[in-house]
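Inside the fold
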Amino acid sequence: MKKLVKAAMILAALSAASTAFAAKKQKQVKIGAIQLVEHPALDASYKGFVDGLKELGYVEGQNVKIIYENAQGEQANCVTIADKLISQRCDLIFAIATPAAQAVANKTETIPVLVTAVTDPKTAGLVESNEMPGTNVTGTSDLTPCAAQIQLLKRLIPNAKTVGMLYCSSEENSRFQINLAKKECDRLGLKYVDATVSNTNEVQQVVQSLVGKVDAIYTPTDNMIASTMATVSLVTIPAKIPTIVGEDGMCQGGGLATYGINYYELGKQTAKMAVEVINGKKPASMPIQYLSTCDFTYNKDTVKALGIEIPADLLK
């Protein structure tokens, strides 16, 4: 009888342990996602993040719940969304683009924050250093080869003398990249003029003001310009002004060409870091990561409209 009781107790204990293990295994991770604005690059980052999580065993609706919010380009919305995600006690927050990341980082020092599409997290005030964040924030940078993009401009438009630098004056990412681009212009003997905007309503007028003053336009991975590239192209293409852009999505909007990163892959890379955080790793000790490869892309319709010839070696 004692043996039967003991066996029953062992079975009960094993059953309880099994149930506890199953409960732990099935615990749903809650991830808040905040995206600054809709445009191809940021959309691709989010898709890459979700697909990356899935590949690593975290499937939406099963063992992970993603609360996705889009700020529609408004900084005030970023702050409201940050408050909402924090109040919902997310296990981790995924922030896409610098203003979104800053809004979240300013609201919490305890919830892990994974960022992407942030050119320089250190300059943005998100981390103590990109090599050793030292905060609750880490993630991936979308730093593009700005110097190589200016070299591309010079190669595709060899007669260019003056370049219009088109960007949003309030975007830290953009100012950082523009400074790198200007250094390369100085090295190549190119003159440049700033063409800054503070809201989307100014884009067409500012671009129009460059007609007759510049031979080409350069715009970095600027969220405001990326979301209004169709407007930019309405001016530049009829005026025969080539535009070298920061990323592929801007080419889709009518930009001539770019030498840039793949935002979908950047999102997947961030997902890998997120899983490390979910499994207990601290963002403070996780260096900011970068993509190691860049791709040449161009818009065939724009090339045809502007009469630009793409060198054969770039098409390989």
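Look a little higher up for the structure.
Residues numbered from 1 in each chain as written. Predicted model: local features only at pLDDT ≥ 70, side-chain atom pairs only at ≥ 80, totals over all residues. Heavy atoms only, no water.

1. Remarks on the overall build of the protein chain
Of the regular secondary structure elements, the protein chain holds twelve helices and twelve strands. Dimensions of the protein chain, computed from C-alpha atoms along their principal axes, come out at roughly 100 × 40 × 30 Å. When each of the 316 residues of the protein chain is scored for burial, the buried share is 50%. Considering only contacts within the protein chain whose residues lie at least 6 apart along the sequence, 73% involve residues at least 24 apart. Carbon and sulfur atoms form 53% of the exposed surface of the protein chain, whose accessible area is close to 15100 Å². For the protein chain, the distance from the average site of its 31 positive side-chain charges to the average site of its 30 negative ones is 9 Å. (Helix = DSSP H or I, 4+ residues; strand = E, 2+ residues; numbered from the N terminus. Buried < 20%, exposed > 50% of the residue type's maximum accessible area, 1.4 Å probe, protein only. Contact = heavy atoms within 4.5 Å. Areas by Shrake-Rupley, 256 points an atom, 1.4 Å probe, with all protein chains shown as cover. Lys, Arg positive; Asp, Glu negative; His and termini not counted. Charge placed at Lys NZ, Arg CZ, Asp CG, Glu CD.)

2. Some points on helix α11 (residues 263-278)
Taking 1.5 Å of rise per residue, 16 residues should cover 22 Å, and α11 covers 22 Å from first to last C-alpha, within 8% of that figure. The set of residues buried in α11 consists of Tyr263, Leu266, Gly267, Lys268, Gln269, Thr270, Ala271, Met273, Ala274, Val275 and Val277. Packed against the buried residues of α11 are α2 (40-55), β3 (92-96), β4 (113-116), β5 (137-141) and β11 (289-290). Two or three places before Tyr264, at the start of α11, stands the capping residue Asn262, its side-chain oxygen 3.0 Å from that residue's backbone nitrogen. (Expected span 1.5 Å × (residues − 1). Polar contact = N/O pair within 3.5 Å; in protein donor to acceptor, adjacent residues only side chain to side chain.)

3. Quick look at the environment of Glu247
Along the chain, the position of Glu247 falls in the loop between β9 (243-245) and α10 (248-252). Classification of Glu247 as buried rests on a relative accessible area of 3%. Each C-alpha atom of the pair Glu247 and Pro40 lies 9.4 Å from the other, and the pair is 207 residues apart in sequence. With near-sequence residues (within four places) excluded, Glu247 lies in contact with His39, Ala41, Thr221, Ala226, Thr258 and Tyr263. For Glu247, the side chain forms a polar contact with the main-chain nitrogen of Gly249, separated by 2.5 Å.

4. Observations concerning a nonpolar patch on the surface
Taken together, the side chains of Leu143, Leu180 and Tyr290 define a hydrophobic patch exposed on the protein surface, amounting to about 230 Å² of accessible area. Position of Leu143 relative to the elements: it lies in the loop between β5 and α5 (146-156). Its relative accessible area of 31% is what places Leu143 among the partly exposed residues. (Patch = residues over 30% accessible without salt bridge, like charges linked within 9 Å, V, L, I, M, F, W, Y side chains within 5 Å. Salt bridge = Lys/Arg side-chain N within 4 Å of Asp/Glu carboxyl O.)

5. Description of the nonpolar core
Counting residues in hydrophobic clusters, the biggest one holds 52 residues, and the most contacted among them are Ile31, Ile34, Leu53, Phe94 and Leu126. Put simply, the parts of the chain that give this core at least two residues each are β1 (29-35), α2, β2 (64-70), α3 (75-87), β3, α4 (98-105), β4 and α11. Considering every element that reaches this core, the biggest residue donor is α11, with seven residues. Among residues more than four places away in sequence, those in contact with Ile31 are Phe49, Leu53, Val64, Lys65, Ile66, Ile67, Cys90, Leu92, Phe94 and Ile278. Core analysis: the second largest hydrophobic core is formed by 24 residues, Ile150, Leu152, Ala216 and Val303 among them. (Core = buried A, V, L, I, M, F, W, Y, C linked by side-chain atoms within 4.5 Å.)

6. Topic: the sheet that holds β4
Within a sheet, each strand pairs with its neighbour through backbone hydrogen bonds, oriented either parallel or antiparallel. Across the sheet, six strands lie side by side as β2-β1-β3-β4-β5-β11; this open sheet has parallel pairing. Across the chains shown, the open sheet's two edge strands, defined by having one partner strand only, are β2 and β11. Relative to β3, β1 is paired through five bridges, and the arrangement is parallel. Bridge pairing links Ile31 to Leu92 in β3. Its contacts with the sheet put α3 on β1, β2 and β3, and the angle it makes with β1 is roughly 180°. Against the sheet, α4 makes contact with β1, β3, β4 and β5, and its axis sits at roughly 150° relative to β3, the strand it touches most. (Pairing = 2+ DSSP bridges. Axes fitted to C-alpha atoms, helices over the stretch in contact; angles between N-to-C directions.)

7. Points about the side chain of Thr138
Mapped onto the elements of the fold, Thr138 is located in strand β5. A relative accessible area of 0% places Thr138 in the buried class. At a separation of 2.6 Å, a polar atom in the side chain of Thr138 contacts the main-chain carbonyl oxygen of Met286. Residue contacts for Thr138: discarding those within four places in its chain leaves Val113, Leu114, Val115, Pro133, Met273, Pro283, Met286, Pro287 and Ile288.

8. Some words on the pattern of salt bridges
Under the definition given, this model contains nine salt bridges. In this structure, Lys107 and Asp83 form a salt bridge, with 3.3 Å as the shortest nitrogen-oxygen distance. Here Lys107 is found in the loop between α4 and β4, whereas its partner Asp83 is found in helix α3, with 24 residues between them in sequence. Of the residues examined, Lys107 reaches a relative accessible area of 40% and is grouped as partly exposed. For Asp83, a relative accessible area of 36% translates into the label partly exposed.

The quantities given are spatial measurements derived from coordinates; they are silent on function.
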